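# Structure assessment
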Amino acid sequence: MRPLGVTRSQWWVLAYLSRHDGMMQTELAEMLDVGKVTLGGLIDRLEAGGWVVRRADKDDRGVKRIFL
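Before going into details, it helps to say that this report is about the structure given with it. What you see is a predicted model, and the numbers here were worked out from it, not measured in a lab. Here the residue numbers are simple positions, counted from 1 along each chain's written sequence. pLDDT decides what is reported in this predicted model: residues at 70 or higher carry local features, side-chain atom pairs at 80 or more are listed and counted, and totals for whole chains, interfaces and linings draw on all residues regardless. Only heavy atoms go into the side-chain values, all of them from the structure, while hydrogens and water stay out.

Attention now goes to the packing of aromatic side chains. Aromatic rings considered in pairs are described by the distance between their centres and by the relative angle of their planes. Side-chain rings of Phe, Tyr and Trp, where Trp is taken by its six-membered ring, are said to pair if the distance between their centres is within 6.5 Å; with planes under 30 degrees apart they count as stacked, over 60 as edge-to-face, and otherwise as tilted. The tally for this structure, following the rule as stated, stands at zero aromatic pairs. If you follow Arg55 out to its NZ or CZ, it ends over the ring of Phe67, 4.5 Å from the centre. Over a ring means this: the NZ of a Lys or the CZ of an Arg is within 6 Å of the ring centre and within 35 degrees of the ring normal.

Moving on: the sheet that holds strand 2 (residues 53–56). For two strands to be treated as a pair, DSSP must find at least two bridges joining them. Secondary structure counts use DSSP, requiring at least four H or I residues in a row for a helix and at least two E residues in a row for a strand, with both numbered from the N terminus. What the three strands build is an open sheet, ordered 1-3-2; its pairing is antiparallel. On the outer flanks of this sheet lie strand 1 (23–24) and strand 2, each paired with one strand and no other. Note: strand 2 against strand 3 (residues 64–67), four bridges, orientation antiparallel. Bridge pairing in strand 3 links Arg55 to Arg65.

Let's shift gears to the side chain of Gln25. Structurally, the position occupied by Gln25 is in helix 2 (residues 25–32). Polar contact is the term for a pair of N or O atoms within 3.5 Å; when the atoms are in protein, one must be able to donate a hydrogen and the other to accept it, and sequence-neighboring residues count only if both atoms are side-chain atoms. A polar side-chain atom of Gln25 sits 3.2 Å from a polar atom in the side chain of Arg54. Other than its neighbours up to four places away in sequence, Gln25 contacts Lys36, Leu39, Gly40, Ile43, Arg54, Lys64 and Ile66. Two residues form a contact once any of their heavy atoms are found within 4.5 Å.

This brings us to helix 3 (residues 36–48). Every helix has an expected span of 1.5 Å times one less than the residues it contains. The terminal C-alpha atoms of helix 3, which comprises 13 residues, lie 18 Å apart, in line with the 18 Å expected from a rise of 1.5 Å per residue. Residues of helix 3 that are buried include every one of Leu39, Gly40, Gly41, Leu42, Ile43 and Leu46, and no others. For helix 3, the elements touching its buried residues are helix 1 (8–19), helix 2, strand 2 and strand 3. Looking one or two places after helix 3, you find Gly50, whose phi comes out positive at around 85°. Working definition: with a 1.4 Å probe on protein chains only, accessible area under 20% of the residue-type maximum means buried, over 50% means exposed, and in between means partly exposed.

As a packed pair, helix 2 and helix 3 sit with axes 9 Å apart at the nearest point and diverge in direction by 110°. On the basis of the axis angle, helix 2 is roughly perpendicular to helix 3. For the pair helix 2 and helix 3, contact is made by Gln25, Thr26, Leu28, Ala29 and Leu32 and by Lys36, Leu39, Gly40 and Ile43, respectively. Note on residue categories: nonpolar means Ala, Val, Leu, Ile, Met, Phe, Trp, Tyr, Cys or Pro, charged means Asp, Glu, Lys or Arg, and polar means any other residue, Gly included. Of the residues that constitute the contact of helix 2 with helix 3, the class distribution is five nonpolar, three polar and one charged. Helix axes are fitted only over the stretch in contact, all axes being lines through C-alpha atoms; the angle between N-to-C directions runs from 0 to 180 degrees. Angles are sorted into four bins: roughly parallel if under 35 degrees, roughly antiparallel if over 145, roughly perpendicular if 65 to 115, and oblique for all others.

By secondary structure assignment, the location of Gln10 is in helix 1. Residue class for Gln10 comes out buried when judged on its relative accessible area of 6%. Engagement of the side chain of Gln10 in a polar contact is seen with the backbone nitrogen of Thr7, the distance being 2.9 Å. If sequence neighbours within four positions are ignored, Gln10 has contacts with Gly5, Leu42, Arg45 and Leu46.

The structure is reproduced here in structure tokens:
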């Protein structure tokens, strides 16, 4: 993934989402055992690169779900 500009940490996020697409950001942080702020930065960079997208939950607008 390095030639594509994806770090090892970002790869872990993508790999986990490939099996659990649409997770809440807080759930994903818990499962990966990283802080919410740390995961937020990883997702920001993945989103900027076009790898993931954040969407509001259909039932709770305050919740963000992460999709590949």
